[in-house]
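Reading the structure
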Amino acid sequence: MLKSLKQWFFPHICCLCEHYTTNDQDLCSVCKASLPWIENRCYRCGLQLKSNENSIYCQPCIESPPKFDRLCALFSYEPPVTKLVTRLKFGEQLAYGRVLGELLAEAVNHLWYYEKSLPEAVLPIPLHANRLRKRGFNQALELLWPLKKGRQIPILLNACSRLYKTKSQSQLKKEYRKRNMRKAFGVNKPLPFRHIAIVDDVVTTGSTVNALSEVLKNQGGVTEIDVWCICRT
Ligand SMILES: [Zn+2]
Ligand SMILES: [Zn+2]
């Protein structure tokens, strides 16, 4: 009753089609269903599996797995999600972060962990202090508020630091990305958790989350790392 009254007085407007929504989100059910939801991906790295691959892992992960244990993504990096993510990151429109964060929370609560225990804590991928100052917010952290509303899960804000101001990954070719990320992160102190999730908005080559996973396992005492992201290319 209270919910429907609230909806009556403060209706939500879909951030994609700009019509009123009938649900409690700024995304209508028609637009939600038409998003590029991910399917048939490698359990470990989240890349598309080839139709002839009969494993849940892709061939590169069988031969040389990344440092993280599992990658959970909502969408392929395609329109209109690209628009939402770009606006979240560069347009400083945090309402987009709330919509994407609500979708992330739904997946964490109802989809990704139905047969597995949840990570003990989540770690939004750290930005370098200069970039954080310039942007004013960490988009990975913004994605976590809707999840935090519903459950008591610690958010690790000071566990790791970005040590070097690495060049923006999106400006670099693949072979340079790995080199760019080497020694990019440091662990401030060992963590009291074994199983954690790293949160990022978009995972492209995976070299950033891989570099962070490596230091968390080597210096942070973490043994299992899941990666949660909105988009996987
Ligand atoms: Zn819509
Ligand atoms: Zn893989």
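Since this is a predicted model, take the numbers as computed values, not measurements.

**Some words on the packing of aromatic side chains**
A complete count under the given rule lists 3 aromatic pairs for this structure. Ring plane angle 90° and centroid distance 6.2 Å describe the contact between Tyr43 and Tyr57, whose orientation is recorded as edge-to-face. A residue pair is termed long-range when its members are at least 10 positions apart, and Tyr43 in the loop between helix H2 (29-33) and helix H3 (59-63) and Tyr57 in the loop between H2 and H3 qualify at 14 residues. Looking at Tyr43, the relative accessible area reads 29%, which means it is partly exposed. Sitting above the plane of the Tyr113 ring, Arg70 keeps its charged end 5.0 Å from the centroid.

**A word on the pairing of strand E1 (residues 70-76)**
Counted residue by residue, E1 has 7 buried out of 7 residues, so it is predominantly covered. Pairing of E1 with strand E6 (residues 224-232), which is carried by 6 bridges, proceeds in the parallel orientation. Looking at the pairing, Phe75 lines up with Cys231 of E6.

**Observations concerning the coordination of the zinc ion (ligand 1)**
Protein ligation of the zinc ion (ligand 1) involves Cys14 (SG), Cys17 (SG), Cys28 (SG) and Cys31 (SG), the donor distances falling in the range 2.3 Å. Classification of the site at the zinc ion (ligand 1) as tetrahedral follows from its 4 donor atoms and the range of 102 to 116° in their angles at the metal. Positions of the donor residues of the zinc ion (ligand 1) along the chain correspond to the pattern C-x2-C-x10-C-x2-C. Taken together, the positions of Cys14 in the loop between helix H1 (2-9) and H2 and Cys28 in the loop between H1 and H2 put the pair 14 residues apart, joining distant regions of the chain.

**Focus on the coordination of the zinc ion (ligand 2)**
Summarising the metal site, the zinc ion (ligand 2) is bound by the protein donors Cys42 (SG), Cys45 (SG), Cys58 (SG) and Cys61 (SG), whose distances to it range over 2.3 Å. Around the zinc ion (ligand 2) sit 4 donor atoms; with metal-centred angles ranging over 104 to 115°, the donor geometry is tetrahedral. All donors to the zinc ion (ligand 2) come from one chain, and their sequence spacing reads C-x2-C-x12-C-x2-C. Residue Cys42 is found in the loop between H2 and H3, and its partner Cys58 is found in the loop between H2 and H3; the two are separated by 16 residues along the sequence. Given the relative accessible area of 1%, Cys42 is considered buried.

**Observations concerning the sheet that holds strand E2 (residues 121-124)**
With parallel pairing, the 4 strands of this open sheet are ordered in space as E1-E6-E5-E2. Looking at the sheet topology across the chains shown, the edges are occupied by E1 and E2. Sheet twist, expressed as the mean angle between neighbouring strand axes with direction ignored, is 20°. Relative to strand E5 (residues 195-203), E2 runs parallel, the two sharing 4 bridges. Within E5, the residue paired with Val122 across the bridge is Ala197. Where helix H4 (residues 81-90) meets the sheet, its contacts fall on E1, E5 and E6, and the angle it forms with E6 comes to roughly 110°. Along the sheet, helix H10 (residues 207-219) makes contact with E2, E5 and E6, crossing E5 at roughly 165°.

**Here's the deal with unusual backbone geometry**
That bond from Pro79 to Pro80 is cis: its omega, 0°, falls within 30 degrees of zero. Among the secondary structure elements, Pro80 is positioned in the loop between E1 and H4. Phi is positive for Glu18, which is not a glycine, with a value near 65°. Considering the arrangement of structural elements, one finds Glu18 in the loop between H1 and H2. On the basis of relative accessible area, Glu18 is assigned to the exposed category, the value being 63%. For Asn40, which is not a glycine, the phi torsion comes out positive at approximately 55°. Mapped onto the elements, Asn40 comes out in the loop between H2 and H3. Taking the relative accessible area as the measure of exposure, Asn40 reaches 47% and is therefore partly exposed.

About the cut-offs
Residues numbered from 1 in each chain as written. Chains lettered and ligands numbered in written order. Predicted model: local features only at pLDDT ≥ 70, side-chain atom pairs only at ≥ 80, totals over all residues. Heavy atoms only, no water. Phe/Tyr/Trp six-rings, centres within 6.5 Å; stacked < 30°, edge-to-face > 60°. Helix = DSSP H or I, 4+ residues; strand = E, 2+ residues; numbered from the N terminus. Buried < 20%, exposed > 50% of the residue type's maximum accessible area, 1.4 Å probe, protein only. Lys NZ or Arg CZ within 6 Å of the ring centre and 35° of its normal. Pairing = 2+ DSSP bridges. Donors = N, O, S within 2.8 Å, 3.2 Å for Na, K, Ca; no water. Tetrahedral: all angles 85-135°; square planar, octahedral: opposite > 155°, others 65-115°. Axes fitted to C-alpha atoms, helices over the stretch in contact; angles between N-to-C directions. Contact = heavy atoms within 4.5 Å.

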